[in-house]
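Each chain, written out:
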Amino acid sequence: MKLGILDQVPMPAGADPTEVLNHTVALAQFAENAGYQRYWLAEHHNTNGLLSAAPEILMTRIASATDSIKVGSGGVLLPQYSPLKVAETFKTMEALFPGRVDLGVGRSPGGTERTRAALTDSRESMMNAFPRHLDELYGFMHNELPKQHEYRMVKVTPRTGSVPPVWILGLSPRSAKLAAERGMGLTFGHFINPDKWEETLRVYREHFRPGQFDQPTVNVCIFVVCAKTQEEAERLALSQDMWLLGIEKGDSQVHSPEVLKKRGVSSAELEKIRNNRRRMIIGTPEKIKTELEKLSKRYQTDDFLLITNIYDPEDKKYSYELIAREMFN
């Protein structure tokens, strides 16, 4: 099974941002040595605790600090940016780190309408232009814009021979069809909403046309918390459970399990936690392996990106370490 990490770079309450970013680099180095194949960085804006606002910069830093692990974006908010600029950014990274760069893109607005407006300098929303942006991005990177296209004579710099593969982050048949028709990879966000998986993957596989990928290629993102015992895993996962609830209220910092235990959990919060647990696997290494194997059969892929948003960076690292020992040895 091919495992990677999707890092949203969540900040523990009270932590220093520089320290958190340094932990991210160290975690990527550990992941490479442990056998993980990918390290992707998310993109979030206008939050108090998610430090992944500039995935391209973090990707370059991590690629510089590692030797072989693939680094990627999970993903660039394409409607908010110029396809040309995204193409040049990622081809520059490809020139620096040949064969190690993944370009994951998404259709998200990046936050509230005010946040989107700030990102685009109040430009009119381009959400509906996502299919066109995808085609222009691909055309710029491969120098294959149609002859009649107004930007046909604009060439991407640097003009590398290799091109980063493009993955579309999707939750719906609509996104799946876009990825399929363009021969791009599909990243399914089980960690966001696993409900439409069957129709989404069916549409992707039925409509797939060879492009950058020769055959349908799917990876799946899922929340995971691992510890030696189920009891300890549950204790650690409380910070992730409550973090998800905090996101709804605009608080994206991760709080310690001890603080949360003293605070208590209401019956309404407990119900939300139970519902959110559908998006994650919590348990021992053996349980994690068993559940990933079940999901592998469901999704017909052996490629997963794991997300662990718990309070202590050492506990997070140990969670990934236990999984690596169980899955790779």
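Residues numbered from 1 in each chain as written. Predicted model: local features only at pLDDT ≥ 70, side-chain atom pairs only at ≥ 80, totals over all residues. Heavy atoms only, no water.

### Some remarks on the packing of helix α2 (residues 55-65) against helix α3 (residues 83-96)
Our working rule: Geometry is summarised by axes, namely lines fitted to C-alpha atoms with helices restricted to the contacting stretch, and by angles between N-to-C directions that run from 0 to 180 degrees. Secondary structure is summarised from DSSP: a helix means a run of H or I of at least four residues, a strand means a run of E of at least two, and numbering begins at the N terminus for each. Roughly parallel means an angle under 35 degrees; roughly antiparallel, over 145; roughly perpendicular, 65 to 115; everything else is oblique. Contacts were defined at the residue level, with two residues in contact if any of their heavy atoms lie within 4.5 Å. Think of it as three bins: nonpolar holds Ala, Val, Leu, Ile, Met, Phe, Trp, Tyr, Cys and Pro, charged holds Asp, Glu, Lys and Arg, and polar takes everything else, Gly as well.
For the pair α2 and α3, interaxial distance at closest approach is 11 Å and the crossing angle is 0°. Compared by their axis directions, α2 and α3 come out roughly parallel. Across the interface between the two elements, Glu56, Met59 and Thr60 of α2 pack against Thr89, Phe90 and Met93 of α3. Tallied by class, residues from the contact of α2 with α3 come to 3 nonpolar, 2 polar and 1 charged.

### As for the packing of aromatic side chains
Using the following cut-off: Ring pairs are drawn from Phe, Tyr and Trp, using the six-membered ring of Trp, whenever the two centres fall within 6.5 Å, and their geometry is named by plane angle: stacked under 30 degrees, edge-to-face over 60, tilted for the rest. Relative accessible area decides the class of each residue, using a 1.4 Å probe on protein chains only: under 20% of the type maximum gives buried, over 50% gives exposed, and in between gives partly exposed.
What the rule picks out here adds up to 10 aromatic pairs. Aromatic pair tyrosine 36 and tyrosine 320: ring centres 5.9 Å apart, planes at 85°, arrangement edge-to-face. Taken as a pair, tyrosine 36 in the loop between α1 (17-34) and β2 (38-41) and tyrosine 320 in helix α12 (residues 313-328) lie far apart in primary sequence, 284 residues in all. With relative accessibility at 2%, the residue tyrosine 320 sits in the buried group. Relative to tyrosine 299, the ring of phenylalanine 188 has its centre 5.5 Å away and its plane inclined at 50°; by these criteria the two rings are tilted. Pair noted here: phenylalanine 188 is in strand β7 (residues 185-189) and tyrosine 299 is in helix α11 (residues 285-299), with a separation of 111 residues, a long-range link.

### Let's talk about the pairing of β7
For clarity, the cut-off: Should DSSP find at least two bridges between two strands, the strands are taken to pair.
Counting buried positions along β7 gives 5 out of 5 residues, so the element sits mostly inside the fold. Here β7 shows no split at all, with Gly185, Thr187 and Gly189 on one side and Leu186 and Phe188 on the other all buried. The pairing of strand β6 (residues 166-170) with β7 spans 4 bridges and is classified as parallel. Bridge pairing links isoleucine 168 to leucine 186 in β7. In terms of strand pairing, β7 meets strand β8 (residues 218-226) through 4 bridges, oriented parallel. By the bridge assignment, glycine 189 is partnered in β8 with cysteine 221.

### Section: the packing of helix α8 (residues 230-248) against helix α10 (residues 267-276)
Relative orientation of the contacting elements α8 and α10 amounts to 110°, with a least axis distance of 10 Å. Here α10 runs roughly perpendicular to α8, going by the angle between their axes. Note on element contacts: α10 touches α8 through Glu269, Lys272, Ile273 and Asn276, opposite Asp241, Met242, Leu244, Leu245 and Glu248. Partitioned by chemical class, the residues of the contact of α8 with α10 number 4 nonpolar, 1 polar and 4 charged.

### Examining the layout of surface pockets
How we decide: Lining residues are those with an atom within 4 Å of a point, where the points come from a 1 Å grid over the protein atoms alone and group into cavities, where a 1.4 Å probe fits but cannot get out, or pockets, open sets with protein on both sides within 12 Å along at least five of seven lines. Grid points are joined across faces, edges and corners, and a volume is the space filled by probe spheres set on the points.
In this structure, the largest pocket encloses a volume near 1,100 Å³. In terms of lining residues, the largest pocket is bounded by 40 residues, among which Gln8, His44, Ser108, Phe191 and Ile192 are the most central. Those elements giving two or more residues to the lining of the largest pocket turn out to be β6, β7, β8 and α8. Here the lining of the largest pocket takes 4 residues from α8, the largest share from any one element. Here the residues of the lining of the largest pocket sort into 14 nonpolar, 22 polar and 4 charged. Looking at the second largest pocket, its volume works out to about 330 Å³. Lining the second largest pocket we find 20 residues, and of these Val20, His23, Thr24, Pro313 and Lys316 sit closest to its centre. Taken together, the elements giving at least two residues each to the lining of the second largest pocket come down to α1 and α12.

### Looking at empty space enclosed by the protein
Under the definition given, this model contains 1 cavity of 30 Å³ or more. Its boundaries defined by the atoms lining it, the largest cavity holds a volume of some 40 Å³. Lining of the largest cavity is provided by Ile5, Leu6, Asp7, Gln8, Leu27, Tyr39, Ile307, Thr308, Asn309, Lys316 and Tyr320. Looking at the lining of the largest cavity, the elements with two or more residues in it are β1 (2-7) and α12.

### Some points on helix α6 (residues 173-181)
Since one α-helical turn is 3.6 residues long, residues separated by three or four positions face the same way. Buried within α6 are the following residues: Pro173, Ser175, Ala176, Leu178, Ala179 and Ala180. Against α5 (130-142), β6, β7 and α7 (197-207) lie the buried residues of α6. In the stretch just after α6, glycine 183 is the one whose phi turns positive, near 65°.

### Comments concerning the state of the cysteines
So the rule is basically this: Disulfide: a pair of cysteine sulfur atoms within 2.5 Å of each other.
Applying the stated criterion across every chain yields a total of 0 disulfides. In this model cysteine 221 remains outside any disulfide bridge; the closest cysteine sulfur is found in cysteine 226, 18 Å from its own. What makes cysteine 226 buried here is its relative accessible area of 1%.

### Section: the pairing of strand β3 (residues 70-73)
Of the pairings in the sheet, the one linking β2 to β3 comprises 4 bridges and is parallel in character. In the strand pairing of β3, tryptophan 40 is matched with glycine 72. As judged from the 2 bridges shared by β3 and strand β5 (residues 101-106), these two strands associate in the parallel manner. Note that in β5 the partner of valine 71 across the bridge is valine 101.

### Observations concerning the side chain of glutamine 80
Just so we agree on the cut-off: Pairs of N or O atoms are called polar contacts if they sit within 3.5 Å, as long as, within protein, a hydrogen donor faces a hydrogen acceptor (for residues adjacent in sequence, only side-chain-to-side-chain pairs).
One can find glutamine 80 in the loop between β4 (76-77) and α3. From its side chain, glutamine 80 meets the backbone oxygen of serine 108 in a polar contact 3.3 Å long.

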